[in-house]
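Each chain is listed here by its residues.
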2 protein chains.
Amino acid sequence: MKNKIFLSSDLKILEKSFRTNLINCLSGFQSANLIGTKNKLGQTNLAIFNSVMHIGADPALMGFIARPSAELHTFNNILDTNEFTINAVPIEFFKESHQTSARFDKGVSEFEACGLTPEYSENCSAPYVKECKIKIGLKLAENYTIKSNGCHLVIGEIMEISIQEDLLLRDGYIDHNNANGLAVLGLDGYHTTQFLERLEYAKVIEK
Amino acid sequence: MKNKIFLSSDLKILEKSFRTNLINCLSGFQSANLIGTKNKLGQTNLAIFNSVMHIGADPALMGFIARPSAELHTFNNILDTNEFTINAVPIEFFKESHQTSARFDKGVSEFEACGLTPEYSENCSAPYVKECKIKIGLKLAENYTIKSNGCHLVIGEIMEISIQEDLLLRDGYIDHNNANGLAVLGLDGYHTTQFLERLEYAKVIEK
């Protein structure tokens, strides 16, 4: 099978939506998470992100990339209130979750507009998503602006984790597969998953 | 179904491997990619990463998180030579790819030790992985050290993309699902994927 090659000079002259799809797909499967915030006036905001990442286990840190255009509400709310929630999108609500990426008018909460339910804990001021089985409350720890394109790497320290009990295995592993979790490709390609294998910690094999 | 709650004070006193699994799983499914580099002397290095991310489409940028302990060879090689490759792990080679995370002695190339084949292009000095169907050559663009834990966010600009022709759809979308791509949960949980749906660009629905 032949390979299609793109050099950096080719990328610059590609049609815009083709390039957006191509480059967004290159990294492979990503997670689907809803980020919940409030603004200074207490109005809730909810947005889907495919860029939520593990940063470190001790201290317990997670991060995500906020783009300068679309995702400014989430980013500004976090700067203003210091707190946010990350909620794993289950397959039963992937269409409602995707719909949070529409550009709603100021004053409209994506919770109400998309049919998802805000839920609160005494340990976090930002709204969780009731429909999700894996929910994390975080406080802003660090924030880096990427010079090349103005995106922000937002890093939060975990204040609270809430996991549906049957999804947490004895060794701390969370069974997202059993939670009907999703893997996303590019901006719009939703996939279910099937468990293959957990591999042992890799060790050098002496020959 | 009840939920299990962990507060930040609980996380600090968890058994270490339990905490590592728990926090690594929180973000949900991630990609499986092999990063290929060379050191100053030309010796090749290959390591599996679940943190490869999209940074931007124009300019075309990708990033990954390098931990201060395990992944210093990859990071130092990139600082020394400025170039690296990202190669999507196909299911046929997921065990060989996982094995690259073992702590091999200096002077051992993971390519040879794990049974993967280095491949070169005139457009990138770093080694590609011949067995992979989606390969990207990058040059170092930016590098941020995360203060909280010393991890590095490494960002590269794409110099070359090589994709098996049948995996590239007309609109630029790359069919990782058809490429037998993998979704990884935590440090060791490998999953296959099944295509569900591509959703349209979300628009506000007037009521």
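Higher on the page you've got the structure.
Per chain, the residues get numbers from 1 upward, laid out in the order the sequence is written. By the order in which they are written, chains take letters starting at A while ligands take numbers starting at 1. Totals for whole chains, interfaces and linings use all residues, but because this is a predicted model, local features are given only for residues with pLDDT of at least 70 and pairs of side-chain atoms are given and counted only at 80 or more. Computation of side-chain values: all heavy atoms of the structure, hydrogens and water removed.

A.B. asks: Can you walk me through helix H2 (residues 16–25) of chain A in this structure?
C.D. replies: One turn of the α-helix equals 3.6 residues, which is why residues spaced by three or four share an orientation. Partly exposed describes any residue whose relative accessible area lies between the buried limit of under 20% and the exposed limit of over 50%, with all areas from a 1.4 Å probe on protein chains only and scaled to the type maximum. Elements are defined by DSSP. Helices are runs of H or I of four residues or more, strands are runs of E of two residues or more, and each kind is numbered from the N terminus. In terms of burial, H2 of chain A is a largely internal element, 7 of the 10 residues being buried. What H2 of chain A keeps buried is the set Phe18, Arg19, Asn21, Leu22, Ile23, Asn24 and Cys25 of chain A.

A.B. asks: Would you mind going over the pairing of strand E10 (residues 134–145) of chain A with me for this structure?
C.D. replies: Working note: regular strand, side chains alternate between the two faces of the sheet. Residue and element names in this part refer to chain A. Both strand E7 (residues 83–88) and E10 contribute to a ladder of 5 bridges, which runs antiparallel. Note on E10: the bridge partner recorded for Thr85 is Gly137. Direction of pairing for E10 relative to strand E11 (residues 152–164): antiparallel, over a ladder of 11 bridges. Across the sheet, residue Lys135 finds its bridge partner in E11, namely Ser162. The hairpin turn running from E10 into E11, its antiparallel successor, is 6 residues long, and Gly150 in that turn takes a positive phi close to 75°. Here the rule is simple: two strands pair whenever DSSP picks up at least two bridges between them.

A.B. asks: Explanation requested: the packing of aromatic side chains in the structure shown.
C.D. replies: What characterises a pair of aromatic rings is the spacing of the ring centres plus the angle enclosed by the ring planes. All names here are of chain B. Note on ring pairs: Phe, Tyr and Trp rings are taken, using the six-membered ring of Trp, and paired if centres are within 6.5 Å. Classes follow the plane angle, with under 30 degrees stacked, over 60 edge-to-face and the rest tilted. Following the criterion strictly, the structure yields 9 aromatic pairs over all chains and no others. Taking 6.2 Å as the distance between ring centres and 55° as the angle between the ring planes, the aromatic pair formed by Phe6 and Phe18 counts as tilted. You can see Phe6 sitting in strand E1 (residues 3–7) and its partner Phe18 sitting in helix H2 (residues 16–25), a full 12 residues away along the chain. Of the residues examined, Phe18 reaches a relative accessible area of 16% and is grouped as buried. Where Phe94 meets Tyr190, the ring centres are 5.2 Å apart and the plane angle is 50°; that geometry is what we call tilted.

A.B. asks: Help me understand helix H3 (residues 72–81) of chain B, please; the structure alone is not making it clear to me.
C.D. replies: Residues and elements named next belong to chain B. Among all positions of H3, only Thr74, Phe75, Asn77 and Ile78 are buried. Within H3, the buried residues cover an arc of 165° as seen down the axis, which keeps them to one side. Note on contacts: a residue pair qualifies if any of its non-hydrogen atoms lie within 4.5 Å across the two residues. The inward-facing, buried residues of H3 contact strand E3 (33–38), strand E4 (44–49), strand E6 (60–66), strand E7 (83–88), strand E10 (134–145) and strand E11 (152–164). Two residues or fewer after H3 comes Asn82, characterised by a positive phi angle close to 75°. Note that the arc is defined by the directions from the helix axis to the C-beta atoms.

A.B. asks: What is the right way to read the pairing of E4 of chain B from this model?
C.D. replies: All names here are of chain B. Most of E4 sits inside the fold, with 6 of its 6 residues counted as buried. Neither face of E4 is left uncovered, since the one carrying Thr44, Leu46 and Ile48 and the one carrying Asn45, Ala47 and Phe49 both have all their residues buried. Relative to E4, E3 runs antiparallel, the two being bridged by 6 bridges. Opposite Leu34, over in E4, you have Ile48 as the bridge partner. Linkage of E3 to E4, two consecutive antiparallel strands, is achieved through a turn of 5 residues, within which Gly42 is found at a positive phi near 95°.

A.B. asks: I keep staring at the relation of the copies chain B and chain A and nothing clicks. Help me out?
C.D. replies: Both copies of the chain are related by a screw-like operation: a rotation about an axis and a shift along it. Superposing the copies works by least squares over the C-alpha atoms of residues that have pLDDT at least 70 in both of them. Mapping chain B onto chain A leaves a residual RMSD of 0.0 Å; the transformation is a rotation of 180° accompanied by 0.0 Å of translation along its axis. Such a combination of rotation and displacement between the chain copies is what one expects of a two-fold axis.

A.B. asks: Just checking my understanding: could you explain the environment of Arg103 of chain A for this structure?
C.D. replies: With respect to the helices and strands, Arg103 of chain A occurs in the loop between helix H4 (94–99) and helix H5 (110–114). In sequence terms Arg103 of chain A and Phe93 of chain A are 10 residues apart; their C-alpha atoms lie 19 Å from each other.

A.B. asks: Got a minute to help me understand the interface of chain B and chain A in this structure?
C.D. replies: By convention, interface size is frequently given as the accessible area that disappears when the constituent parts associate. Counting residues at the interface gives 104 residues for chain B, matched by 104 residues for chain A. Once two parts are brought into contact, the accessible area they lose, counted with a 1.4 Å probe and summed over both, makes up the buried area. Taking both sides of the interface into account, the surface hidden between chain B and chain A amounts to around 9,200 Å²; carbon and sulfur atoms contribute 59%. Of all residues in chain B, Leu26, Phe29 and Leu199 of chain B bury the most surface against chain A, accounting for 8% of the area lost on that side. Just to be clear on terms, a salt bridge is a Lys or Arg side-chain nitrogen sitting within 4 Å of an Asp or Glu carboxyl oxygen. Inspection of the region where chain B meets chain A yields 6 salt bridges. All amino acids are sorted into three groups, where Ala, Val, Leu, Ile, Met, Phe, Trp, Tyr, Cys and Pro are nonpolar, Asp, Glu, Lys and Arg are charged, and the leftover types, Gly among them, are polar. Of the residues in the side of chain B that touches chain A, the class split is 50 nonpolar, 31 polar and 23 charged. Where strand E1 (residues 3–7) of chain A and E11 of chain B come together, 5 bridges link them in antiparallel fashion.

A.B. asks: Got a minute to help me understand the sheet that holds strand E2 (residues 30–31) of chain A in this structure?
C.D. replies: Picture the strands of a sheet paired through backbone hydrogen bonds; they go either parallel or antiparallel. Read from one edge of the open sheet, 6 strands run E2(A)-E12(A)-E13(A)-E13(B)-E12(B)-E2(B), paired in antiparallel fashion. If you trace the sheet from one side to the other, it starts and ends with E2 of chain A together with strand E2 (30–31) of chain B, each paired once. The pairing of E2 of chain A with strand E12 (residues 183–185) of chain A spans 2 bridges and is classified as antiparallel. Paired with Gln30 of chain A across the strands is Val184 of chain A, a residue of E12 of chain A.

A.B. asks: Got a minute to help me understand the side chain of Arg19 of chain A in this structure?
C.D. replies: Within the secondary structure layout, Arg19 of chain A lies in helix H2. According to the relative accessible area criterion, Arg19 of chain A is buried, its value standing at 8%. Discounting residues that sit within four places of it in the chain, Arg19 of chain A has contacts with Leu11, Lys12 and Leu14 of chain A together with Ala57 and Asp58 of chain B.

A.B. asks: Help me out: how do you make sense of unusual backbone geometry in this one?
C.D. replies: Glycine aside, residues mostly have negative phi angles, and peptide bonds mostly take the trans form. Omega for the bond connecting Asp58 of chain A with Pro59 of chain A falls within 30 degrees of zero, at 5°, which places this linkage in the cis form. Mapped onto the elements of the fold, Pro59 of chain A is located in the loop between strand E5 (53–57) and strand E6 (60–66). A positive phi angle, near 60°, is found at Asn180 of chain B, a position not held by glycine. Relative to the helices and strands, Asn180 of chain B resides in the loop between E11 and strand E12 (183–185).

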